[in-house]
Every structure is written in structure tokens, then in C-alpha cells.
Amino acid sequence: MRRLIIEAVGPLALVEDLGRPGLAHLGVAGSGALDRGAARLANRLVGNPDGAAILEVLVGGLRARVVGGGTWFAVAGAWGPITLDGRPVAPYTAARAPDGAVLELGTAERGLRYALAVRGGIDEPPVLGSRSRDTLAGLGPEPVRPGRELVIGDEPEASVPALDQEAAFAPPDETVTLALRPGPRADWFTDAARAALFETPWRVSERADRVGVRLVGPELGRRAVGELASEATVPGSIQVSGDGQPTILLADRPVTGGYPVIAIVAAASLDAVAQLRPGQELRFRHA
Amino acid sequence: MTGRLLPSGEAALLVECDSLDEVLALHDALAADPRPGLVELVPAARTILVAVDPERLPLESAETWVRRVQGATTSAGADRRGPVDDEAIVRVMYDGDDLDETAARLGWSAESLVARHSAARWRVAFGGFAPGFGYLVSDDWPFEVPRLDAPRTRVPAGAVALAGAFSGVYPRESPGGWRLIGRTDADLWNPDRADPALLAPGRRVRFEAVR
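Residues numbered from 1 in each chain as written. Chains lettered and ligands numbered in written order. Predicted model: local features only at pLDDT ≥ 70, side-chain atom pairs only at ≥ 80, totals over all residues. Heavy atoms only, no water.

J.: So what about the overall build of chain A? Which residues, and what values?
T.: What chain A contains, in helices and strands, is three helices and 20 strands. Its C-alpha atoms give chain A a radius of gyration of 20 Å, near enough to 19 Å, the size a compact globule of 287 residues would have. Looking at the 287 residues of chain A, the share that counts as buried comes to 57%. The contacts in chain A between residues at least 6 apart in sequence include a share of 78% that link residues at least 24 apart. Accessible surface for chain A amounts to roughly 11400 Å². Of this, 52% is attributable to carbon and sulfur atoms. Computed over 30 positive and 34 negative side-chain charges, the inter-centroid distance for chain A is 2 Å. (Helix = DSSP H or I, 4+ residues; strand = E, 2+ residues; numbered from the N terminus. Rg over C-alpha atoms; globule rule 2.2 N^0.38 Å. Buried < 20%, exposed > 50% of the residue type's maximum accessible area, 1.4 Å probe, protein only. Contact = heavy atoms within 4.5 Å. Areas by Shrake-Rupley, 256 points an atom, 1.4 Å probe, with all protein chains shown as cover. Lys, Arg positive; Asp, Glu negative; His and termini not counted. Charge placed at Lys NZ, Arg CZ, Asp CG, Glu CD.)

Pasting the structure below:
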């Protein structure tokens, strides 16, 4: 049986697939890879179906040994040094790791989250139909720690495709612009607040994880004082807490929230949020 | 009924209702007449999120469907009891730390609170606080109690509680500000079960006092 033996882990490494949609009414968020495009790309590069489980590696610091047979692997998402037995490997490209080889992901230079796919996927037991770790609800495979052995699934039918590197775009390290759609409670905010959302630059705070990314910028004032009864949110919902600061809610958010949602990050911009680094500047535009 | 349809991204609509009764009536009406491509209905206190797969059910079509069902539904038809064939029995040891004080707030004895709570026919109105947590309402329970001033940092799994007009059961250990009136060993949340949440929205519930 082919396995990945984890020898070292940086800040956080999680098993993720495309999540468990359709269970919010039971209090379970969708979860899943935060950069879904990166997870899909890494899987496609090794011939996996899009929904195969990957390792989502925050920042870097991962060292893993391949045992029980060689495997193809690919890394997408964050951009940084990748080595196999000490030799550099190109990102966004399928490579073959022989039995016993050691794979290392160094500190990301661009973006924040690597998606590491192995051919066959990571075969942890699914919970509610998904192998995703939901960090808030505590569902799915435990966060990966040194010593952990992750089983690699059976080889998929599809062969490793002959793709070149043209699909490779490293996450930007300068200002990122995200497209927004109107939120359900935009009318709770002053005209000045709604204008400021689009006209001023925002900064990613240190409070950024899979639950949400809190931004720093001008205070977004409310038109009326009132209490919102908690209501369901979707990934990308920008809720504004009582102090006027926005938070982009992500895959592991609570399924309902009591703060008004001023806008929603368009689906096409949502993956970029997963790669924002604390301190990075971002701007919003209308979708 | 009418009610605004609010934007909620590319794959959902948020339907705003005037009351919880409207939420319950519309939830049941939509659930009874689903469209292909509907992912789920997520009810809350005043809203229902209608989540769709936009490739199978475009938002415009979902909007038309919701409007049509709204037009054919009245909140007078709200059923706080849920379908008869879908009832969960929750056996409760009524010995919660807040039982006496909560009863006193309502002007009752503890025995009277237990009798009323276990006689009421409840329905899960919505979820949301944690996996498997349900906000329960009942026509037989027109009473309200405030949350605790200082939430507990640790409420044990199975704690049966009251807050506002709702009753609920904590599916697992967590912080919480509800008033604890009892405990149950019912299997409230089990991800390995086909029906993981015992207290799923729409389900009818009865509490049974045990000693």
C-alpha cells in the first residue's frame, strides 16, 4: 500500500477535497479546499478526478516521504520552493516521486496555501461524504502532524495528462482586486459605506483563516441601528461586525451569522482570497 | 404571502419573511414542491436561503418558483408541529442547573415547567449554531426566557436548554448561553448515520421526562 509518511509540518496541513455541500440546514458548512481552482488543477495534473482529496499546506514547512511504491504528484496554489530528494521540482507540473523519495514544500513566496495532489488522492475515511477537514466544526480528517501516515488511493483510470505549464499563474504579491456582487443587507449601510467599500484600499489583517479573513480599513457605517436575526451565509459573504470592519466568510464559516452582509465575493474571485497574505492590500470592484 | 428576495451570490437567494410562522409555512411549501437543481433550503429565524446548482436551476427560475409558492402559501397555514410521521422522542432527565431559577422567572414551580415542557409538541424550526443543533418552537410554548447574562464556557453534550422562545439540545460540548433545564443521552448528532441530525429542520419532537 502506497503511503505518504509525514515527517514535518509547518503552521497547518489539512486533508481537503471539494467539501460537503447541501448540509448547511443541519449546521454543517461546505468546507473543502479553500483554493478550489488550485485543488482541481493539482488533481488534473496527475489524472485524478477534481474531487480527489489533496493536502492543503499553509505557508509551507511540509516534509513527506513516499513509501510502498512511487507516485505522481503535483503542487498548485501557492508558489514556492518544491524539492524532491533535495532537487527542485517545477510547480504546477506533474512529477514522479520514486519509492522512498522525500518531498519538501518550502516557505511560499507568493500566495499562502499549496494544494499538493498525489495520483490516486489521499484516502482518509470520508465523513458525510467528504474527506475535508472543517476546522470550525471539527469534522473530517484530523490536521496532519509529523508521524502521520496518509494512505494514497488506487490509481485512477485516466493517465497522467501531457500538460505543459501554461496554466501556471503564481498568486499575485501586490494589490489584488476582487469582484463583488451585492449582498442581501447592502441597504443596512450608509451610501458613504457602500462607496468606501469600492473606493478605498483594504488590508488583510492577521485574523485570517479558513473561517474568514478580517480586513482593515475605514469604518463601514450602518444606516439604521438594529439587530439582525441570524441568517444563512454563503462562501464569500462579507459581513460587517459592530465595529464597522468587514470579514470575508470562507469555507469553514458558521452556517448562519448575525451581522449584516454588505456584499459577496463573486465565485470567480473567491479562490484568490485563499491566497491573500496578512498585510496584503486588496481592492474591490463591481462584478 | 409576499416577502423580499434578496441577492446572495451566484448560487442562492435569500427569502425574507415577516415572521417565523411565515418561514415555517414557506419552508414546508417549498420542501413539498422542490425543483431539480435545488441544493438545499436553509431556514433561519426570518429568512430561508434557497441554495441552487445554477447550471440546473438558474437563479431566475428559482425566483419564479419561490414567487409562485409564496403566492399560494399563507402563514396562517404555518404548522409548528411538522409532519406527523416524522417525530423524534427525546428522553430527558430534568435536573438542569438553571431549572429552578428558570421556573421561578416564569412564575412556576420546577415540576410545572417540566410538565409543560414535556407535554408540548415541538418542531425543529431551523438549525445553525453547530452541527446537529436545532431551534425548537411549539404552539404549546408561548413563553420566553432571557439568555444567561454570562454564557457558560462549557455546556455538556446532551444539555436540554431554553432561550428566548426556543428550546434546544446541545449536540456536543460547547460554550453556551442558554438556560439548562435537563439532559438527555439521545444520539443527537452522528455523521455515520444516513440521517446525521436527530433534530433536523421540519422534524416534530417530544420530550419525555425520565427519572
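J.: An account of the pattern of salt bridges is requested, with residue identities and associated values reported.
T.: Any two side chains of opposite charge can pair, given that their charged atoms come close. This model, assessed by the stated rule, comprises 37 salt bridges over all chains. With a closest N to O distance of 2.5 Å, B:E16 and A:R185 form a salt bridge. Placement of B:E16 in strand β2 (residues 12-16) and of A:R185 in the loop between β12 (176-182) and α2 (191-199) is noted, with the two residues assigned to different chains. One exposure class covers both B:E16 and A:R185, and it is buried. (Salt bridge = Lys/Arg side-chain N within 4 Å of Asp/Glu carboxyl O.)

J.: Describe the pairing of strand β12 (residues 179-183) of chain B, with residues and values.
T.: A regular strand carries its side chains on alternate faces of the sheet. Residue and element names in this part refer to chain B. Of all five residues in β12, four are buried; the element is thus mostly enclosed. Where strand β9 (residues 159-163) meets β12, four bridges bridge the pair, whose relative direction is antiparallel. Considered in β12, the bridge of A159 is made with R183. (Pairing = 2+ DSSP bridges.)

J.: Can you explain the side chain of A:E56? Please cite residues and give values.
T.: Residues and elements named next belong to chain A. With respect to the secondary-structure elements, E56 resides in strand β3 (residues 54-58). Among the polar contacts made by the side chain of E56, one reaches the main-chain amide nitrogen of L34 at a distance of 2.8 Å. Setting aside residues no more than four positions away along its own chain, E56 makes contact with L12, A13, L14, E16, A33, L34, D35, R113, Y114 and R210. (Polar contact = N/O pair within 3.5 Å; in protein donor to acceptor, adjacent residues only side chain to side chain.)

J.: Would you mind going over the nonpolar core in detail, with residue names and values included?
T.: Burial of nonpolar side chains together is a common tendency in soluble globular proteins. Formed by 37 residues in total, the largest nonpolar core has its most connected members in B:L20, B:L26, B:L30, B:V50 and B:W178. Elements that contribute at least two residues to this core include exactly β2, α1 (20-32), β4 (47-52), α2 (59-71), β6 (122-127), β7 (134-137) and β9 of chain B. If you tally residues by element for this core, the top one is α1(B), at seven residues. Lining this core are residues from two domains, each supplying at least three of them: domain 1 (5-77) and domain 2 (87-210) of chain B. Among the nonpolar cores identified, the runner-up in size contains 30 residues, and A:L197, A:W202, A:L220 and A:L250 belong to it. (Core = buried A, V, L, I, M, F, W, Y, C linked by side-chain atoms within 4.5 Å. Domains from an automatic or database assignment.)

J.: I'd love a proper account of the packing of aromatic side chains, names of residues and values included.
T.: All names here are of chain B. Using the criterion set out here, one finds 15 aromatic pairs over all chains in the structure. Both rings, one in F129 and one in Y170, keep their centres 6.0 Å apart while their planes meet at 90°; by these two values the pair is edge-to-face. Note that F129 is positioned in the loop between β6 and β7 and Y170 in the loop between β10 (166-169) and β11 (174-176), a separation of 41 residues in sequence. With a relative accessible area of 39%, F129 lands in the partly exposed category. Ring centres of F133 and Y135 lie 5.2 Å apart, and the angle between their planes is 80°; on these two criteria the pair is classed as edge-to-face. Side by side, F133 and Y135 carry an identical accessibility label, which is buried. Feature note: the residues F126, F129, F133, Y135, F166, Y170 and W178 constitute an aromatic cluster, connected by ring pairs. Just above the ring of W108 sits the side chain of R116; from NZ or CZ to the centre is 4.3 Å. (Phe/Tyr/Trp six-rings, centres within 6.5 Å; stacked < 30°, edge-to-face > 60°. Lys NZ or Arg CZ within 6 Å of the ring centre and 35° of its normal.)

J.: Lay out the packing of α1(B) against α2(B) with the relevant residues and their values.
T.: Residue and element names in this part refer to chain B. Look at α1 against α2: their axes get within 10 Å of each other, and the N-to-C directions meet at 120°. In terms of orientation, α1 lies oblique with respect to α2. Between α1 and α2 lies a crossing of right-handed hand. On α2, the residues that touch L26, A29 and L30 of α1 are W65, V66, V69 and Q70. In the contact of α1 with α2, the residues fall into six nonpolar, one polar and no charged. (Axes fitted to C-alpha atoms, helices over the stretch in contact; angles between N-to-C directions. Parallel < 35°, antiparallel > 145°, perpendicular 65-115°, else oblique. Left-handed = near helix turned anticlockwise from the far one by under 90°. Nonpolar A, V, L, I, M, F, W, Y, C, P; charged D, E, K, R; others polar.)

J.: Residues and numbers for the domain arrangement of chain B, please.
T.: Residues and elements named next belong to chain B. When the domains of chain B are assigned, the result is domain 1 (5-77) and domain 2 (87-210). Contacts between the two partners involve seven residues from domain 1 and, on the opposite side, seven residues from domain 2. In this assembly, domain 1 packs against domain 2 so that about 560 Å² is buried in total across both faces, 70% of it on carbon and sulfur atoms. Contact with domain 2 buries area across many residues of domain 1, yet L20, L24 and P43 alone supply 63% of it, more than any other trio. Counting every contact that joins domain 1 to domain 2 gives one salt bridge. (Buried area = accessible area lost by both parts, 1.4 Å probe.)

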